[in-house]
Amino acid sequence: MNNQLYLIIFWMLASCGMPVSSLYQDKTVSVISAEKTEWTGGRAGVRGAVYTLKLKKKTNSVITVKTFMAEGNTISFVQSNTGNAITVRGSLSYKNNEDAVTVDNFPAGAPVENPASQKTNPKDNWIQYTIKGSPTLYKVSISKFTAVESSEEPAP
């Protein structure tokens, strides 16, 4: 009896410090990772972001992602399935500023200003998906996207 009491107390104390995943999980899928890689093109005003979402299926159901929302923007995407893992990868090009300052039209002595960043809502991240054989849409929220540095060389 005494050993059982110590075991229960140990279990309670050990479980108090357990980290809780901040990424959303439901009965069918769980979010493994959500990453954002920003990119810039070789011309002024050409830039965007690539969003990569990795999910883990908890069942053998066929899951099809229908909508991908990242930082308040609807993202066009491709879905790939490998075993019980689903990868959703989409790209968003930021609006090209027609009045972008270039070396050719930059006035001498003008102060350098940071370009206005795209207006985003970091809390508006989710996917909607269906399970084969069911017309019901399911929604999974994504807590945030982790910024990842691009491993590619910048364009010359």
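Above this text you will find the structure in question.
Here is what the cut-offs are and how they apply
Residues numbered from 1 in each chain as written. Predicted model: local features only at pLDDT ≥ 70, side-chain atom pairs only at ≥ 80, totals over all residues. Heavy atoms only, no water. Pairing = 2+ DSSP bridges. Helix = DSSP H or I, 4+ residues; strand = E, 2+ residues; numbered from the N terminus. Contact = heavy atoms within 4.5 Å. Core = buried A, V, L, I, M, F, W, Y, C linked by side-chain atoms within 4.5 Å. Buried < 20%, exposed > 50% of the residue type's maximum accessible area, 1.4 Å probe, protein only. Polar contact = N/O pair within 3.5 Å; in protein donor to acceptor, adjacent residues only side chain to side chain. Salt bridge = Lys/Arg side-chain N within 4 Å of Asp/Glu carboxyl O. Phe/Tyr/Trp six-rings, centres within 6.5 Å; stacked < 30°, edge-to-face > 60°.

**Quick notes on the sheet that holds strand 7 (residues 126-131)**
Argument step 1. Taken in spatial order, the four strands make up an open sheet running 4-3-7-8, and their pairing is antiparallel. The open sheet terminates on both sides in strands that have one partner only, identified here as strand 4 (73-74) and strand 8 (137-141).
Argument step 2. Pairing geometry for strand 3 (residues 63-70) and strand 4, over two bridges, is antiparallel. What sits directly across from alanine 70, in strand 4, is asparagine 73.

**Description of the sheet that holds strand 5 (residues 76-82)**
Across a sheet, strands are paired by hydrogen bonds formed along the backbone, either parallel or antiparallel in direction.
Argument step 1. Reading across from one edge, 5-6-2-1-9 is the order of the five strands in this open sheet, with mixed pairing throughout. Pairing within the sheet leaves two strands with one partner each, and these edge strands are strand 5 and strand 9 (146-147).

**Let's talk about the environment of alanine 34**
Argument step 1. With respect to the helices, strands and loops of the structure, alanine 34 is situated in strand 1 (residues 29-40).
Argument step 2. Separated by 111 residues in sequence, alanine 34 and phenylalanine 145 have C-alpha atoms that sit 4.9 Å apart.
Argument step 3. Sequence-distant contacts of alanine 34, that is, excluding residues within four places in its chain, are made with Thr52, Leu53, Ile142, Lys144, Phe145 and Thr146.

**A closer look at the nonpolar core**
Argument step 1. Tyr51, Leu53, Phe68, Ile127 and Tyr129 are the most contacted members of the largest nonpolar core, which totals 22 residues.
Argument step 2. Of all the elements in the fold, those that place two or more residues in this core are strand 1, strand 2 (47-57), strand 3, strand 6 (85-93) and strand 7.

**Focus: the side chain of lysine 57**
Argument step 1. Assignment of secondary structure puts lysine 57 in strand 2.
Argument step 2. A polar contact of 3.1 Å, which involves the side chain of lysine 57, links it to the backbone oxygen of serine 61.
Argument step 3. In this structure lysine 57 touches Thr28, Val29, Ile63, Gly83, Asn84 and Ile86, once residues within four positions along its chain are discounted.

**Concerning the pattern of salt bridges**
Oppositely charged side chains can form a pair if their charged atoms are brought close together.
Argument step 1. Following the criterion strictly, the structure yields two salt bridges and no others.
Argument step 2. As a salt-bridge pair, glutamate 38 and lysine 36 come within 3.2 Å of each other at their nearest N and O atoms.
Argument step 3. Glutamate 71 is the partner of lysine 36 in a salt bridge, and the nearest nitrogen-oxygen pair spans 2.9 Å. Here the residue lysine 36 occupies a position in strand 1, and glutamate 71 occupies one in the loop between strand 3 and strand 4, the gap between them amounting to 35 residues.
Argument step 4. Given a relative accessible area of 13%, lysine 36 falls into the buried group.
Argument step 5. By sharing partners, the salt bridges in this structure join Lys36, Glu38 and Glu71 into a single network.

**A few points about the packing of aromatic side chains**
Argument step 1. A complete count under the given rule lists four aromatic pairs for this structure.
Argument step 2. Where tyrosine 51 meets phenylalanine 145, the ring centres are 5.0 Å apart and the plane angle is 70°; that geometry is what we call edge-to-face. Of this pair, tyrosine 51 sits in strand 2 while phenylalanine 145 sits in the loop between strand 8 and strand 9, placing them 94 residues apart in sequence.
Argument step 3. What makes tyrosine 51 buried here is its relative accessible area of 0%.
Argument step 4. A network of ring pairs unites the aromatic residues Tyr51, Phe68, Phe77 and Phe145 as a single cluster.

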